[in-house]
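Close look at the chain arrangement
Below, each chain spelled out in residue letters.
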Number of protein chains: 2
Amino acid sequence: MVPHLTTALTGPLLELERRFLAASPQIEHWLRGQWLEHTPPFYSSVDLRNSGFKLAPVDTNLFPGGFNNLNPAFLPLCVQAAMSAIEKFCPDARSLLLIPENHTRNQFYLQNVAQIAAILKQTGLNVRIGTLLPEIDKPTTIDLANGQQLLLEPLIRTPYRLGLDGFDPCAILLNNDLSAGIPPILQGLNEQVVLPPVHAGWAVRRKSNHFAAYDQVANDFAKAIGIDPWRINPAFSVCRSINFHERQGEECLAANVAAVLDLVKEKYREYDIDETPYVVVKADAGTYGMGVMTVRDADEVIALNRKQRNKMSVVKEGLEVSEVLIQEGVHSFETVKDAVAEPVIYMIDRYVVGGFYRVHTGRGKDENLNAPGMHFEPLAFETGCNLPDYRCGNPDSAPNRFYAYGVVGRLACLAAAIELERTAPETDED
Amino acid sequence: MVPHLTTALTGPLLELERRFLAASPQIEHWLRGQWLEHTPPFYSSVDLRNSGFKLAPVDTNLFPGGFNNLNPAFLPLCVQAAMSAIEKFCPDARSLLLIPENHTRNQFYLQNVAQIAAILKQTGLNVRIGTLLPEIDKPTTIDLANGQQLLLEPLIRTPYRLGLDGFDPCAILLNNDLSAGIPPILQGLNEQVVLPPVHAGWAVRRKSNHFAAYDQVANDFAKAIGIDPWRINPAFSVCRSINFHERQGEECLAANVAAVLDLVKEKYREYDIDETPYVVVKADAGTYGMGVMTVRDADEVIALNRKQRNKMSVVKEGLEVSEVLIQEGVHSFETVKDAVAEPVIYMIDRYVVGGFYRVHTGRGKDENLNAPGMHFEPLAFETGCNLPDYRCGNPDSAPNRFYAYGVVGRLACLAAAIELERTAPETDED
């Protein structure tokens with residue numbers, strides 16, 4: 001069940017993957033050293049794009065929502081990684097409160113919540129699910145399409161602690177990205193471990209902070225194994241004080257789009273790549289593929305029509321977009337049954353626990369595949385991504401490609417660790 | 001492919017397993033606390049016996065030799081656990097020297113060595129295999145029955161380090177139980193990490209030290225979850241200064257056999273168990289099922305004939321037996337296709353990574369199944385042993401039984417950790 005991959009420009013990627021495989025002792029040694037200095041987030045998922053000449057992360061999610069899409073055979077891997085994470089973050093925990101997104105009708109998402117709860121239960125924690133939805137004022141059972149049930153319970157806040165009726169957890173795991181801000185009920189919980197910390201939510205988080213940290217990670221890593229960091233790192237820039245409705249900040253946007261495109265064109269010349277460079281303009285805070293636009297020329301952002309401006313101006317929870325990331329577009333030359341595919345890597349703690357392909361039958365190789373209403377076809381990887389196949393040694397074989405994915409996914413996870421350190425609020429202890 | 005299990009006395013075991021399942025939050029919490037205080041050995045395997053009324057370890061191996069028997073589906077679990085172990089013991093390692101037993105013709109054992117090397121390579125280490133065999137004086141390739149090859153190389157010792165030609169490893173992993181003593185070539189290696197430490201070898205190790213540590217672990221654990229520790233702990237005693245050839249120490253042996261049998265009889269009465277108690281007399285140092293005897297009455301050890309005395313007097317590498325363990329026998333009521341079976345649990349670091357059944361078609365429920373020349377039929381567990389199945393909740397279902405096995409296996413692993421602490425030689429730093 002490994003999906004068949006076709007990569008148009010196999011040459012350079014093969015070379016990159018071969019480099020990763022040959023350097024795996026240095027890579028793993030380097031990563032071990034990094035994890036001694038930086039604590040990875042409890043869990044994460046990373047969207048990768050594989051253009052053949054480049055393999056890079058384009059988005060790192062700290063509240064991953066697709067655990068239901070992983071290959072069930074890798075459940076033990078998830079449980080083992082979660083045991084390791086719990087040992088580190090809250091060895092003393094016996095009970096854990098899981099707080100999901102406020103989707104009660106999205107069956108796929110609810111199955112993800114059920115899967116996270118199942119993984120955590122199997123580490124030996126008492127797990128219950130509390131909801132931020134005010135309309136759920138008593139324990140409510142939701143039937144899942146796969147025959148399971150999910151019990152959502154109303155949260156109960158005391159001055160210093162958060163729990164449920166008859167349930168006072170040691171740890172709280174967020175699967176809610178806090179796009180609407182940090183709700184008061186989650187503030188000031190100094191007695192309980194909150195994972196990831198609330199500043200990992202989109203109320204505080206900025207993609208530009210993440211990719212600034214990734215810049216550093218990619219540079220250090222590339223130096224350690226002797227590659228051009230651009231091969232794993234999408235160029236980016238950022239514009240603040242944008243108002244799409246009022247057409248404020250267009251010049252900043254156009255100038256930064258031009259700058260990133262110039263940089264990419266230079267690299268395409270250097271590597272003799274015969275493709276049209278493009279950038280992706282996206283909200284610096286936010287998720288779900290909302291507020292995303294593909295641009296091939298700086299002039300395009302000057303002449304946005306009303307519909308385009310409306311589309312760019314709000315993201316999830318109706319938040320206004322005023323800061324945008326201008327990110328080098330990475331073509332996706334991977335296809336599954338002729339449809340463009342991008343790999344998504346799942347991690348718990350510092351361990352890759354699986355992944356899947358996001359497949360879009362109606363989109364091109366330079367388009368955002370994470371779009372509302374998309375036809376989304378997850379294809380679970382057959383391997384855990386931690387198993388380079390040294391015996392066959394062929395980087396084109398799926399286990400080896402997955403090893404490369406696992407390496408770049410972990411680099412993004414490391415960048416998230418550094419990002420969270422840098423953006424942590426000062427505490428009273430400091 | 002889960003082997004069908006028949007357990008004659010399902011009642012009490014079901015009750016024990018149900019207790020384990022219900023208490024899994026306490027169990028995992030308790031274990032997490034223990035691992036903060038005690039460092040598990042790099043790897044281990046534990047022979048369990050499951051009598052229905054009792055589930056107990058009878059032997060803990062710190063140089064496990066059956067990785068080839070594990071379900072290949074759990075290779076990623078082994079790799080992840082090994083990554084965790086390497087992070088802890090030797091985060092700075094890039095290369096590792098594996099030193100196996102001196103068997104060059106045992107195809108099963110050689111496949112185990114190849115499997116250990118494969119796991120470690122997949123954590124990103126450079127792995128090479130050095131042999132203690134003096135006749136291998138140049139790199140020698142051995143063909144394995146499964147089509148793979150193993151390269152054995154002669155060890156090269158410098159004043160302070162051990163390596164191979166052109167290979168100076170940071171870490172040394174022993175898969176050799178040092179029954180013949182600690183060879184000079186392995187002594188005084190203060191600059192390199194040796195895993196497990198040489199005092200884990202049978203030159204120093206004693207089963208009685210292990211089971212004394214297990215006594216403490218079983219008592220603490222039983223108290224934590226509210227069970228009678230005897231349900232997971234085989235009673236034992238020890239005799240030193242035995243000489244089977246010269247019939248020295250027979251009285252000590254008879255007295256201790258009687259004492260253990262009396263204790264077991266008392267317990268059988270308490271639990272209304274209608275079976276004949278027995279003890280297993282085995283060499284306190286040693287392995288491979290040599291020097292093992294089943295005894296149902298203290299008188300039996302007085303009247304040993306020459307053949308029996310010869311059998312008991314030597315173990316692997318021709319070592320004389322002078323110290324014996326008298327261990328409560330635990331009937332095995334598990335059968336696979338009508339043959340008596342005992343589960344063997346494999347661990348890397350503190351993680352259960354799989355297991356298999358040792359099956360013997362020619363032996364009874366109260367006999368040692370680890371006997372030379374036995375018909376040995378490993379049956380890989382289908383699960384990783386870390387996944388209690390809460391949905392079905394039936395302790396008789398294989399995943400739940402495997403959870404119980406995984407718990408008792410980890411208790412034995414914890415006992416090994418404490419045993420190694422207690423028996424560690426004093427170092428200059430102390």
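Structure shown above.
First, a word on what this report is: a plain description of the structure on this page. (Residues numbered from 1 in each chain as written. Chains lettered and ligands numbered in written order. Predicted model: local features only at pLDDT ≥ 70, side-chain atom pairs only at ≥ 80, totals over all residues. Heavy atoms only, no water.)

A short note on the packing of aromatic side chains
Residue and element names in this part refer to chain B. What counts here: Aromatic rings from Phe, Tyr and Trp, with only the six-membered ring used for Trp, were paired whenever their centres fell within 6.5 Å, and each pair was classed as stacked if the ring planes differed by under 30 degrees, edge-to-face if by over 60, and tilted otherwise. Put simply, DSSP H or I for four residues or longer makes a helix, DSSP E for two residues or longer makes a strand, and each gets a number counted from the N terminus. Three labels apply to residues, based on accessible area from a 1.4 Å probe with only protein chains included: buried if under 20% of the type maximum, exposed if over 50%, partly exposed otherwise in between.
The full count for this structure, using the stated rule, is 28 aromatic pairs over all chains. Judged by centre distance (6.4 Å) and plane angle (70°), the ring pair of Phe211 and Tyr214 falls under edge-to-face. Of the two residues, Phe211 and Tyr214 are both situated in helix α5 (residues 207–225); the distance of 3 residues between them amounts to about one turn of the helix. A residue is classified by how much of its surface remains accessible, and Tyr214, at 0% relative accessible area, is buried. Here the aromatic rings of Tyr346 and Phe356 are separated by 5.4 Å at their centres, their planes lie at 35°, and the arrangement is tilted.

Points about the interface of chain B and chain A
Interface extent is often summarised as the accessible area lost during association of the parts. Short version of the rule: Any two residues having at least one pair of non-hydrogen atoms within 4.5 Å are treated as being in contact. Two parts placed together each lose some accessible area under a 1.4 Å probe, and the buried area is that loss summed for both. Put simply, a salt bridge is a Lys or Arg side-chain nitrogen that is within 4 Å of an Asp or Glu carboxyl oxygen. As used in this structure description, the phrase polar contact means that two N or O atoms lie within 3.5 Å; if the pair is within protein, one of them must be able to donate a hydrogen and the other to accept it, and residues adjacent in sequence are counted only when both atoms belong to side chains. Note on residue classes: Ala, Val, Leu, Ile, Met, Phe, Trp, Tyr, Cys and Pro are nonpolar, Asp, Glu, Lys and Arg are charged, and everything else, Gly too, is polar.
Facing 41 residues of chain B, the contacting portion of chain A comprises 41 residues. Taking both partners together, chain B and chain A bury about 3,600 Å²; carbon and sulfur atoms supply 54% of that area. The interface formed by chain B and chain A holds 2 salt bridges in total. Where chain B meets chain A, there are 12 residue pairs in polar contact (both at pLDDT 80 or more). Of all the secondary-structure elements, those providing two or more residues to the side of chain B that touches chain A are α2 (24–37), α3 (75–89) and β18 (351–360) of chain B. A per-element tally of the side of chain B that touches chain A places α3 of chain B first, with 10 residues. For the side of chain B that touches chain A, the per-class residue count stands at 21 nonpolar, 11 polar and 9 charged.

Topic: the side chain of Asn175 of chain A
Residues and elements named next belong to chain A. Along the polypeptide, Asn175 turns up in strand β10 (residues 171–175). A relative accessible area of 1% means that Asn175 is categorised as buried. There is a polar contact of 2.6 Å between the side chain of Asn175 and the side chain of Tyr109. There is a polar contact of 3.2 Å between the side chain of Asn175 and the side chain of Asn112. When near neighbours in sequence (up to four residues on either side) are disregarded, Asn175 contacts Tyr43, Phe63, Pro64, Leu98, Ile99, Pro100, Glu101, Tyr109, Asn112 and Ile116.

Notes on the packing of α2 of chain B against α5 of chain B
Residue and element names in this part refer to chain B. For clarity, the threshold we go by: Think of each axis as a best-fit line through the C-alpha atoms, taken over the contacting stretch in the case of a helix, with angles from 0 to 180 degrees between the N-to-C directions. Roughly parallel means an angle under 35 degrees; roughly antiparallel, over 145; roughly perpendicular, 65 to 115; everything else is oblique. Crossings are assigned a handedness: left-handed for a near helix turned anticlockwise from the far helix by less than a right angle, right-handed for a clockwise turn.
Between α2 and α5, whose axes approach to 10 Å, the crossing angle comes to 140°. Between α2 and α5, the angle is such that the two are oblique. The chirality of how α2 crosses α5 is right-handed. Facing α2, whose interface residues are Gln26, Ile27 and Trp30, α5 presents Val217, Asp220, Phe221, Ala224 and Ile225. Taken together, the residues that form the contact of α2 with α5 break down as 6 nonpolar, 1 polar and 1 charged.

With respect to the relation of the copies chain B and chain A
Rule in force here: Least squares is used to superpose the copies, and the fit set is the C-alpha atoms of residues whose pLDDT is at least 70 in both copies.
Of the transformation superimposing chain B on chain A, the axial component is 0.0 Å and the angular component is 180°, with the fit at an RMSD of 0.0 Å. What the superposition gives is, in effect, a two-fold axis relating one chain to the other. When each C-alpha of chain B is compared by its distance to the rotation axis, Leu77 of chain B comes out closest, at 2.8 Å. The residues that chain B uses at the interface reappear at the interface of chain A in 100% of cases, marking a shared surface.

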